[in-house]
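Descriptive analysis of the structure
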Amino acid sequence: MLTLLTSAVVVLVALLHLYFLVLEMFLWDKPMGRKAFGLSPERAALTKVMAANQGLYNGFLAAGLLWSLLAPQALARPLQFFFLGCVLVAGLFGAATASRKILYIQALPALVGLGLVWMG
């Protein structure tokens with residue numbers, strides 16, 4: 001049961017990061033992206049390239065988390081610890097520097113996942 005719950009949280013965090021990838025790489029200067037990040041059209045246009053780069057990194061985090069679910073058991077937990085740890089650090093940094101809501105949207109799910117991996 002714990003393994004299934006852990007896998008579900010890892011998938012959730014991966015899906016969140018795929019969503020972030022889409023928002024940052026493809027929707028940044030569109031109404032949905034501007035609304036999500038509170039951007040004016042001018043600011044979105046000025047920061048579009050930076051956001052695409054940021055989105056790519058979110059995609060790497062998602063890929064690593066999904067890889068951890070397909071990896072052999074001996075590799076799965078270390079991968080989950082690493083990638084969830086990266087997500088947690090990024091979420092804490094984002095909450096401290098950009099928006100407090102990142103703490104709940106990104107860091108908290110990663111912390112829950114890390115706790116489940118550790119318990120497993």
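Within each chain, residue numbers correspond to sequence positions counted from 1 in written order. In keeping with the model being predicted, local features are shown solely for residues with a pLDDT of at least 70 and side-chain atom pairs are shown and tallied solely at 80 or more, while totals for entire chains, interfaces and linings include all residues. Hydrogens and waters are ignored; side-chain quantities use all the structure's heavy atoms.

Side note on the nonpolar core
What we call a nonpolar core is a set of buried Ala, Val, Leu, Ile, Met, Phe, Trp, Tyr and Cys residues that are connected through their side-chain atoms within 4.5 Å. The rule is simple: take the accessible area with a 1.4 Å probe, protein chains only, and divide by the maximum for that residue type; under 20% is buried, over 50% is exposed, in between is partly exposed. One finds Val13, Leu65, Phe83, Leu84, Val87, Leu88 and Ala110 to be the most contacted residues of the largest nonpolar core, which totals 18 residues. Mapped by element, the contributors of at least two residues to this core are helix H1 (2-25), helix H3 (41-70), helix H4 (73-97) and helix H5 (101-119). Contacts of phenylalanine 83, omitting those with residues within four sequence positions, involve Phe60, Leu61, Gly64, Leu65 and Trp67. Strands here mean DSSP runs of E at least two residues long; helices mean DSSP runs of H or I at least four residues long; both are numbered from the N terminus. Note on contacts: a residue pair is in contact if any heavy atoms of the two residues lie within 4.5 Å.

Observations regarding the UniProt feature "transmembrane region" (unreviewed entry) in the protein chain
UniProt positions are given in the numbering used here, feature names are shortened, and annotations may be inferred rather than shown by experiment. In this structure's numbering, the residues bearing the UniProt feature "transmembrane region" (unreviewed entry) are residues 6-28, 49-69, 75-95 and 102-119. As annotated, residues 49-69 comprises 100% helix and 0% strand, and the C-alpha atoms at either end are separated by 31 Å. Between the end C-alpha atoms of residues 75-95 the distance is 30 Å, and the span holds 100% helix and 0% strand.

Some remarks on the packing of aromatic side chains
Pairing of aromatic rings covers Phe, Tyr and Trp, the last counted by its six-membered ring, and requires centre-to-centre distances within 6.5 Å; plane angles under 30 degrees mean stacked, over 60 mean edge-to-face, and any other angle means tilted. Counted according to the given criterion, the structure contains four aromatic pairs. Ring geometry for tyrosine 19 against phenylalanine 20: centres 6.4 Å apart, planes inclined by 50°, an arrangement best described as tilted.

Brief notes about the environment of threonine 6
Position of threonine 6 relative to the elements: it lies in helix H1. The spatial distance from the C-alpha of threonine 6 to the C-alpha of glycine 113 is 6.3 Å, given a sequence separation of 107 residues. Setting aside anything within four residues of it in sequence, one finds threonine 6 in contact with Gln80, Leu116 and Val117.

So, H3
Working note: α-helix, 3.6 residues per turn, so residues spaced by three or four point in the same direction. The end-to-end C-alpha separation of H3 is 40 Å, in line with the 44 Å expected for 30 residues at 1.5 Å each. Throughout, bend refers to the angle between the axes fitted to the seven residues that end at a position and the seven residues that start at it. Of all the bends in H3, the greatest measures close to 60° and is centred on lysine 48. Looking only at H3, the buried set comprises Ala44, Thr47, Ala51, Gly55, Asn58, Gly59, Leu61, Ala62, Gly64, Leu65 and Ser68. The inward-facing, buried residues of H3 contact H1, helix H2 (31-37), H4 and H5. One less than the number of residues in a helix, times 1.5 Å, gives the span that helix is expected to have.

Side note on the pattern of salt bridges
Whenever Lys or Arg places a side-chain nitrogen within 4 Å of a carboxyl oxygen from Asp or Glu, that contact is recorded as a salt bridge. Summed over the entire model, instances satisfying the criterion amount to two salt bridges. With a shortest N-O distance of 3.1 Å, aspartate 29 and lysine 48 are connected by a salt bridge. Of the two residues, aspartate 29 sits in the loop between H1 and H2 while lysine 48 sits in helix H3, which places them 19 residues apart along the sequence. Aspartate 29 gets classed as partly exposed once you look at its relative accessible area, which sits at 24%.

Looking at the side chain of glutamate 24
Of note, glutamate 24 is situated in helix H1. In summary, the charge assignment counts Lys and Arg as positive and Asp and Glu as negative, without counting His or the chain termini. One buried charged side chain, glutamate 24, makes no salt bridge at all; its nearest oppositely charged neighbour is lysine 101, positioned 11 Å away. A polar side-chain atom of glutamate 24 sits 2.9 Å from a polar atom in the side chain of glutamine 54. Every residue in contact with glutamate 24, bar those within four places of it in the chain, is listed here: Phe37, Ala51, Ala52, Gln54, Gly55 and Asn58. Think of a polar contact as two N or O atoms within 3.5 Å of one another; within protein, one of them needs to be a possible hydrogen donor and the other a possible acceptor, and neighboring residues in sequence only count if both atoms come from side chains.

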